[in-house]
Amino acid sequence: MSEAKFRDIAQLIEARIDEGVYPANAKLPPHRELAAEFNTTPVTISKAYKLLAELKRVESFVGRGTFVIGPSALSTAIQAKDGEGFNFSILQPCIHLNLRQVRQAYRDATETLDVSLLAYAEQSGHEAHRQSGVKWLQRFGVTDASIENTLLTSGAQQALSLVINTLTQPGDVIAAESLTYPGILAVAELSSRNVVPVEMDAQGLCPKALKRVLKTDKPKLVITLPSHQNPTGITMGEKRKAEIAKVMATSSAYLVEDDIYAFLNDEVITSISSRIPDKGIYLTSLSKAISPAMRCGYIKAPLHLIPLLNAHIRAEIWLASPLNFMVATQLIDSNTAFTLAEGQRSEAKARQRMTENILGPFEQTPSGFHVWLPLPPHWSAERFTTEAKKEGITLSSGVHFSANGKEDKHVRLSLMAIASRATFEEGLETLRQLLTKKPLPNVEF
Ligand SMILES: Cc1ncc(COP(=O)(O)O)c(C=O)c1O
C-alpha cells in the first residue's frame, strides 16, 4: 500500500463532506466499512480520519465515532471580505449610496458635540437617542414602542446575544425557524443553548408546528424573522402575524422578533410583539438601512424585563456608544434615515430584477437584499460554494442556515455588497455559467 493512500482517501472523504454526502454533524462510517469500500485496512482509514481531524473537518470521540464538524463558524457562513472578486455573501446595504449623508451627519455631530455626550450615561443611553429609536420602531410597525420600553444596543447581533443570555440558561431550548440567520445559531452554540427547528411554509413560521414545538420541547424563547426572512426571503402578512401572536399568547415562552429588514417591506403591518406586549421582544438596527459600522441597535421589550436587560447591558458593555447614537438621532430626527432606507429599497428592487434576468425566474421577494437560490440537482450547496470560490465568487452555503445542517440544495446570495452594478452583473453572469456546468467527479478507487 502506498504511503500516500491515506491522503487520497482523506481527500475523497473531504469531497464527500463538501458534496453533502456526509452532511454537517453526521457520523462517518466505521473504519472497517470504509476499509472494505476502498480495499484497504482500518489503519489506513484511521490515518485518513486523523488527517481530516487535523484539518478541522472532522472530530473523533472515544467510543462514539468520528463526526463531520458542523458549520458553526459565523465567519465561514458569512464573509465580509471586500476587494478582489465578487462578494455575494455579506448582507449589507450599498453603503456608497449613503456615504455623503452619513459623512455630513458625522461632521454636523462633531460640531455640536458637548461634554455630556463624552461622559457615561444612565441606563442604556441618552433619552433623546432612545426617543429617536422609538420613532424608527414606530415607523415600521412597533406600535407600542415608547421611551420606557426601548433600549439601545450595539447592533442587532448584541441584542440577540443579550436576550438569549438574559432569558435563558445553558442547556435551555430555543425555538427558531428551521432555516435561520447563522448569527442566532452561533450565539446558541457558543452559549450552550439548544436550537429546536420549527417548520416553515410559504408564509413563514408555521403556527401549527410552533404549537407542537411549544408543547413538546418547552422552549424558553421563540425567535422569528418576520420580514425578508434570512435566508428564505419570506415576509409574513397580517394573517400570519396574528396567528403567531395567538399561539404565543397562551405560552410561557417569550417571542423574539428580529425584524432588521422591516424597512424593506411594501406595507407596514403591526409587529407580532406589539400584539403580545407582555411577552414580545422586538429588535432591529440601522445596519441594513444606513451602515453596519455604526453598530446602532434597538430593543423594545416588555416593561417588566427592562431592568434586567439594562443590568445585562451595563454588565456586558456599560452602554452602546453615545457618539454613534448621536449621529443616528440626527439622521432619524431629520428624516434622512428614512430617505436612505428608501434608497436602499429601490436599489434592492433593481438588483432583484437584474438577478432574475440573469439567473431566474425563481421565488423571490422583490425588494429583499438577498436571494435564496435553489441549485440544479447536480450541485450540492457546499460543492457549489467551493467551486464558486475558485471563480472569485464568495457566497453563503445553505448548510450554515440550518440548525441540523441538513439544507444542502440552496445558497444565499447577497445582492447589495458589490458596489458597482456592472461588477454585480459580471458576478451574476459568472454564477450563471457555473450553474449550468456539472461538478467534476471525485477521485475513485
Ligand atoms: C436577521 C439578522 N439579524 C441580525 C443581524 C445582525 O445585525 P447587526 O449588524 O445590527 O448586528 C443580521 C445581519 O446580517 C441579520 O441578517
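- In the annotation of an unreviewed UniProt entry, the entry for the chain reads GntR family transcriptional regulator, and the organism field reads Enterovibrio coralii.
- We quote the UniProt Sequence similarities (unreviewed entry) comment for the chain here in full: "In the C-terminal section; belongs to the class-I pyridoxal-phosphate-dependent aminotransferase family."

## What about unusual backbone geometry?
Part 1 of the argument: Following N230, the chain continues into P231 via a peptide bond in cis, with omega recorded as 25 degrees.
Part 2 of the argument: Position of P231 relative to the elements: it lies in the loop between β9 (221–224) and α10 (238–249).
Part 3 of the argument: For the bond running from G360 to P361, omega is 0 degrees, close enough to zero to count as cis.
Part 4 of the argument: Among the secondary structure elements, P361 is positioned in the loop between α14 (336–359) and β13 (370–374).

## Here's the deal with the site of the ligand
Part 1 of the argument: Taken together, 13 residues lie near the ligand, and A156, D258, Y261, S285 and K288 sit nearest.
Part 2 of the argument: At 2.7 Å, a backbone N or O of A156 approaches an oxygen atom of the ligand.
Part 3 of the argument: A distance of 2.8 Å is found between an oxygen atom of the ligand and a backbone nitrogen or oxygen belonging to Q157.
Part 4 of the argument: Starting from 400 Å² of accessible surface for the ligand in isolation, the protein chains cover 93%.
Part 5 of the argument: Residue contributions to the shell around the ligand peak at three residues, all from helix α7 (residues 155–167).
Part 6 of the argument: Tallied by class, residues from the shell around the ligand come to five nonpolar, five polar and three charged.

## Let's talk about empty space enclosed by the protein
Part 1 of the argument: According to the stated counting rule, one finds one cavity of 30 Å³ or more in the structure shown.
Part 2 of the argument: A volume near 40 Å³ is recorded for the largest cavity.
Part 3 of the argument: Along the walls of the largest cavity sit W136, L137, F140, D259, I260, A262, F263, Y282, T284 and S285, which together make up its complete lining.
Part 4 of the argument: Those elements that place two or more of their residues in the lining of the largest cavity are α6 (127–139) and β11 (280–285).
Part 5 of the argument: At three residues, the largest contribution of residues to the lining of the largest cavity is made by β11.
Part 6 of the argument: A class-by-class count of the residues in the lining of the largest cavity yields seven nonpolar, two polar and one charged.

## A short note on the domain arrangement of the chain
Part 1 of the argument: The domains assigned to the chain are domain 1 (5–68), domain 2 (74–96 + 338–436) and domain 3 (118–336).
Part 2 of the argument: Relative to domain 3, the C-alpha centre of domain 1 lies at a distance of 41 Å.

## Details of the packing of aromatic side chains
Part 1 of the argument: A full pass over the atoms with the stated rule returns 10 aromatic pairs.
Part 2 of the argument: Centre to centre, the rings of W136 and F338 are 5.2 Å apart; their planes meet at 25 degrees, and the pair counts as stacked. Separated by 202 residues along the polypeptide, W136 in helix α6 and F338 in helix α14 bring together distant segments of the chain.
Part 3 of the argument: Overall, W136 belongs to the buried group, its relative accessible area being 2%.
Part 4 of the argument: Ring geometry for W379 against F384: centres 5.2 Å apart, planes inclined by 75 degrees, an arrangement best described as edge-to-face. Both residues of the pair, W379 and F384, belong to the buried class.
Part 5 of the argument: Between R139 and the ring centre of F338, over which it is positioned, the NZ or CZ distance is 3.8 Å.
Part 6 of the argument: For R351, the ring lying beneath its charged end belongs to F424, and the centroid distance is 4.9 Å.

## Comments concerning the sheet that holds strand β10 (residues 254–258)
Part 1 of the argument: If you walk across this open sheet you meet the seven strands as β4-β12-β11-β10-β9-β5-β6, and the pairing is mixed. Bordering the open sheet on either side are β4 (150–154) and β6 (194–198), each of which pairs with just one other strand. Within the sheet, the average angular offset between the axes of one strand and its neighbour, ignoring direction, is 25 degrees.
Part 2 of the argument: Sheet topology note: the β4/strand β12 (residues 296–300) ladder contains five bridges and is antiparallel. From the neighbouring strand, T153 faces β12, where its bridge partner is G297.

## Focus: the sheet that holds β13
Part 1 of the argument: If you trace the three strands from one edge of the open sheet to the other, you get β13-β16-β15, paired in antiparallel fashion. Either end of the sheet is taken by a strand with one partner, and the two such strands are β13 and β15 (396–397).

## What to know about the pattern of salt bridges
Part 1 of the argument: Counting across every chain of the model gives 16 salt bridges.
Part 2 of the argument: Across the pair K239 and E243 runs a salt bridge, and its minimum N-O distance is 3.2 Å. With K239 and E243 both in helix α10, this residue pair falls four residues apart, about one helical turn.
Part 3 of the argument: With relative accessibility at 26%, the residue E243 sits in the partly exposed group.
Part 4 of the argument: Of the charged contacts in the structure, one is a salt bridge between E387 and K390, with a shortest N-O distance of 3.1 Å. Separated by three residues within a single helix, E387 and K390 lie in helix α15 (residues 381–390), roughly one turn from each other.
Part 5 of the argument: E387 gets classed as buried once you look at its relative accessible area, which sits at 18%.

## So, the pairing of β12
Part 1 of the argument: The buried fraction of β12 is high, at five of five residues.
Part 2 of the argument: Of the two faces of β12, the one holding C296, Y298 and K300 and the one holding G297 and I299 are both buried throughout.
Part 3 of the argument: As paired elements, β11 and β12 share four bridges and run antiparallel to each other. In the strand pairing of β12, L283 is matched with I299.

## Considering the side chain of S402
Part 1 of the argument: As for its placement among the helices and strands, S402 is situated in the loop between β15 and β16 (410–414).
Part 2 of the argument: On the basis of relative accessibility, which here comes to 5%, the residue S402 falls in the buried class.
Part 3 of the argument: Dropping the residues within four chain positions of it, S402 is found in contact with S178, L179, L185 and E407.

Calculation notes
- Residues numbered from 1 in each chain as written.
- Predicted model: local features only at pLDDT ≥ 70, side-chain atom pairs only at ≥ 80, totals over all residues.
- Heavy atoms only, no water.
- UniProt positions renumbered as here; feature names shortened; annotations may be inferred.
- Helix = DSSP H or I, 4+ residues; strand = E, 2+ residues; numbered from the N terminus.
- Near = heavy atom within 4 Å.
- Polar contact = N/O pair within 3.5 Å; in protein donor to acceptor, adjacent residues only side chain to side chain.
- Areas by Shrake-Rupley, 256 points an atom, 1.4 Å probe, with all protein chains shown as cover.
- Nonpolar A, V, L, I, M, F, W, Y, C, P; charged D, E, K, R; others polar.
- 1 Å grid on protein atoms, 1.4 Å probe; cavity = no way out; pocket = protein on both sides within 12 Å on 5 of 7 lines; lining within 4 Å.
- Points joined across faces, edges and corners; volume = space filled by probe spheres on them.
- Domains from an automatic or database assignment.
- Phe/Tyr/Trp six-rings, centres within 6.5 Å; stacked < 30°, edge-to-face > 60°.
- Buried < 20%, exposed > 50% of the residue type's maximum accessible area, 1.4 Å probe, protein only.
- Lys NZ or Arg CZ within 6 Å of the ring centre and 35° of its normal.
- Pairing = 2+ DSSP bridges.
- Axes fitted to C-alpha atoms, helices over the stretch in contact; angles between N-to-C directions.
- Salt bridge = Lys/Arg side-chain N within 4 Å of Asp/Glu carboxyl O.
- Contact = heavy atoms within 4.5 Å.

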